[in-house]
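# Breakdown of the fold
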Amino acid sequence: MTVLLCELCKLAYSLGKSVVKGLFPLNDIFANALSQAAFQRIHQAEIGIYRSSFKPG
């Protein structure tokens, strides 16, 4: 899942977008994958709202 999230950010950047946002369930599996892909939780709710700003390396 981490690889998929990273590739999603690269795709968004190639399309001219610098931020990717998403809604994800609040559980350890998603939280770990999102953290490894540099997503940050931006809203406290029953479902997690995360975002990532992609800058090519």
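Above this text is the structure in question.
Residues numbered from 1 in each chain as written. Predicted model: local features only at pLDDT ≥ 70, side-chain atom pairs only at ≥ 80, totals over all residues. Heavy atoms only, no water.

With that settled, consider the packing of aromatic side chains. According to the stated counting rule, one finds two aromatic pairs in the structure shown. Consider the rings of Phe 24 and Phe 30, whose centres lie 6.1 Å apart with planes at 40°: the pair is tilted. Pairing Phe 24 with Phe 39 gives two aromatic rings, centres 6.4 Å apart and planes at 80°, and the pair type is edge-to-face. Residue Phe 24 is located in strand E1 (residues 19–24), and its partner Phe 39 is located in the loop between helix H2 (28–36) and strand E2 (40–43); the two are separated by 15 residues in the primary sequence. Residue Phe 24 is classed as buried on the basis of its relative accessible area, which comes to 14%. Judged by relative accessible area, which is 6%, Phe 39 ranks as buried. In textbook terms, an aromatic cluster arises when at least three aromatic residues are bridged by ring pairs, as seen for Phe 24, Phe 30 and Phe 39. (Phe/Tyr/Trp six-rings, centres within 6.5 Å; stacked < 30°, edge-to-face > 60°. Helix = DSSP H or I, 4+ residues; strand = E, 2+ residues; numbered from the N terminus. Buried < 20%, exposed > 50% of the residue type's maximum accessible area, 1.4 Å probe, protein only.)

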